[in-house]
Amino acid sequence: MLQLFKTEWLKIKNYRTFWILFGSFFIFLPSMFLMTANQFMRQFDQIGDKSIEAAMLKRMFSSPFVFPNTWHGAAWFGGMFFIIIGMLFILLITNEVQYRTHRQNIINGWSRMDYIKAKITLLLFFVITTTIMVFLCGLVCGLLFTPDLSSISFFENVYYVGYYAVMATLYLLVALLVAVLVKRTGLAIVLYFGYVFIIDNLLWLALTFRKGQAGYFLPLESSDSLVPNPFKPGMVETRTVSDGSLLVTVVIYGALMTYGIIRYYRHTDLKN
């Protein structure tokens with residue numbers, strides 16, 4: 001697997017678009033997260049506890065930028081910007097189809113499974129590196145904005161970083177599936193964005209109408225719901241589905257997508 005990743009790395013290490021999109025995640029996430037944290041904490045501190053209403057407001061909107069909530073905030077912000085990595089992943093895969101690089105790999109001795117394994121190593125690279133950045137953002141933000149570090153547990157709620165990794169993996173599997181099936185860069189990216197931002201949300205709204213729970217079992221919503229909006233007060237949360245049920249759902253969807261990708265690529269005509 002390591003050798004397969006080395007081959008993938010040789011393909012992309014001098015690709016300028018890769019560095020622009022990949023680097024933008026590592027620039028936008030920490031900068032936006034810390035800028036938002038600074039602005040939020042400034043306004044949050046100004047509320048004070050001058051009245052009962054102010055105290056209730058502060059309890060209702062707990063800060064997602066201090067320990068232990070910072071892990072939740074960092075994971076949610078990471079999910080917002082991860083669409084960049086999904087687009088990059090599609091671009092890399094469809095470019096290989098366009099320039100027939102995937103066929104050349106087979107000619108040079110790779111099996112079709114080797115090709116899929118190589119893409120999985122690239123997927124894991126994106127998940128691991130961005131998860132590390134999410135962890136660092138949460139850690140740095142918590143250290144900067146937590147008023148009293150002596151009375152908190154640093155790694156309470158750190159499981160949200162793991163939830164981010166689960167969400168990122170599923171999003172990239174969707175991107176891989178779209179890229180393998182569609183093959184054309186522009187169309188694949190449009191379909192990916194359309195599903196992520198429009199279709200998935202419309203289906204969720206329809207299936208959660210009047211507090212229904214079916215919408216939480218949609219492919220992307222099952223992972224998105226593990227990292228809900230940290231600014232949303234808990235009292236208005238309508239989800240009753242447990243995190244365990246969502247994780248099982250994500251695993252099932254991930255396994256089905258992986259099986260579908262492998263089965264399709266084993267039987268597809270590489271000349272097309």
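Quantities reported herein were computed from a predicted structural model and do not represent experimental measurements.

Engineer: I keep staring at the overall build of the chain and nothing clicks. Help me out?
Structural biologist: Each helix and strand in the chain was counted, giving 11 helices and 0 strands. With 272 residues in all, the chain has 47% of them scored as buried. Of all intrachain contacts in the chain linking residues separated by at least 6 positions in sequence, the fraction that spans at least 24 positions is 80%.

Engineer: When you look at the nonpolar core in this model, what are you seeing that I'm missing?
Structural biologist: Most often, soluble globular proteins keep nonpolar side chains buried together rather than apart. In this structure, Phe89 and Phe126 are the most contacted members of the largest nonpolar core, which totals 77 residues. Within the residue set of this core, elements represented by two or more residues are α1 (2–12), α2 (16–47), α4 (70–81), α5 (83–98), α7 (112–145), α8 (159–182), α9 (185–207) and α11 (243–267). Of all the elements, α8 adds the most residues to this core, at 17 residues. What Phe89 contacts, discounting residues up to four positions off in sequence, is Lys119, Leu122, Leu123, Phe126, Leu172, Ala175 and Leu176.

Engineer: Please explain the side chain of Ser225 as it appears in this structure.
Structural biologist: For Ser225, the position within the fold is in the loop between α10 (219–224) and α11. Residue Ser225 is classed as buried on the basis of its relative accessible area of 6%. Those residues in contact with Ser225, other than ones at most four positions away along the chain, are Tyr216, Arg239 and Leu246.

Engineer: Teacher, can you tell me more about α5 here?
Structural biologist: Think of an α-helix as turning once every 3.6 residues; residues three or four places apart then point the same way. Compared with the 22 Å implied by 1.5 Å per residue over 16 residues, the 22 Å span of α5 between its first and last C-alpha is a close match. When you tally the buried positions in α5, you get 14 out of 16 residues, the bulk of the element.

Engineer: What is the right way to read the packing of α8 against α11 from this model?
Structural biologist: Any two packed helices are characterised by the angle at which their axes cross and by the distance between the axes. For the pair α8 and α11, interaxial distance at closest approach is 10 Å and the crossing angle is 25 degrees. Our classification of the angle between α8 and α11 gives roughly parallel. At the point where α8 passes α11, the crossing takes the left-handed sense. Residue-level contacts link Tyr163, Val166, Leu170, Leu173, Val174, Leu176, Leu177, Val180 and Leu181 of α8 to Asp243, Leu247, Val250, Tyr253, Gly254, Met257, Thr258, Ile261 and Tyr264 of α11.

Engineer: Which parts of the structure should I look at to understand a nonpolar patch on the surface?
Structural biologist: Among the surface-exposed residues, Phe197, Ile198, Ile199, Leu202, Leu203, Leu205 and Leu207 lie close enough to one another that they form a single nonpolar patch of about 650 Å² accessible area. In this structure, Ile198 sits in helix α9.

Engineer: Help me understand the environment of Phe44 in this model?
Structural biologist: Looking at the secondary structure, you find Phe44 in helix α2. Residue class for Phe44 comes out buried when judged on its relative accessible area of 13%. Spatially, the C-alpha atom of Phe44 lies 7.8 Å from that of Ser63, the residues being 19 residues apart in sequence.

Engineer: So what exactly am I meant to see when it comes to the side chain of Thr121 here?
Structural biologist: Here Thr121 shows up in helix α7. Each residue touching Thr121, except ones within four places of it in the same chain, is listed here: Met1, Leu4, Phe5 and Glu8.

Criteria and thresholds
- Residues numbered from 1 in each chain as written.
- Predicted model: local features only at pLDDT ≥ 70, side-chain atom pairs only at ≥ 80, totals over all residues.
- Heavy atoms only, no water.
- Helix = DSSP H or I, 4+ residues; strand = E, 2+ residues; numbered from the N terminus.
- Buried < 20%, exposed > 50% of the residue type's maximum accessible area, 1.4 Å probe, protein only.
- Contact = heavy atoms within 4.5 Å.
- Core = buried A, V, L, I, M, F, W, Y, C linked by side-chain atoms within 4.5 Å.
- Expected span 1.5 Å × (residues − 1).
- Axes fitted to C-alpha atoms, helices over the stretch in contact; angles between N-to-C directions.
- Parallel < 35°, antiparallel > 145°, perpendicular 65-115°, else oblique.
- Left-handed = near helix turned anticlockwise from the far one by under 90°.
- Patch = residues over 30% accessible without salt bridge, like charges linked within 9 Å, V, L, I, M, F, W, Y side chains within 5 Å.
- Areas by Shrake-Rupley, 256 points an atom, 1.4 Å probe, with all protein chains shown as cover.
- Salt bridge = Lys/Arg side-chain N within 4 Å of Asp/Glu carboxyl O.

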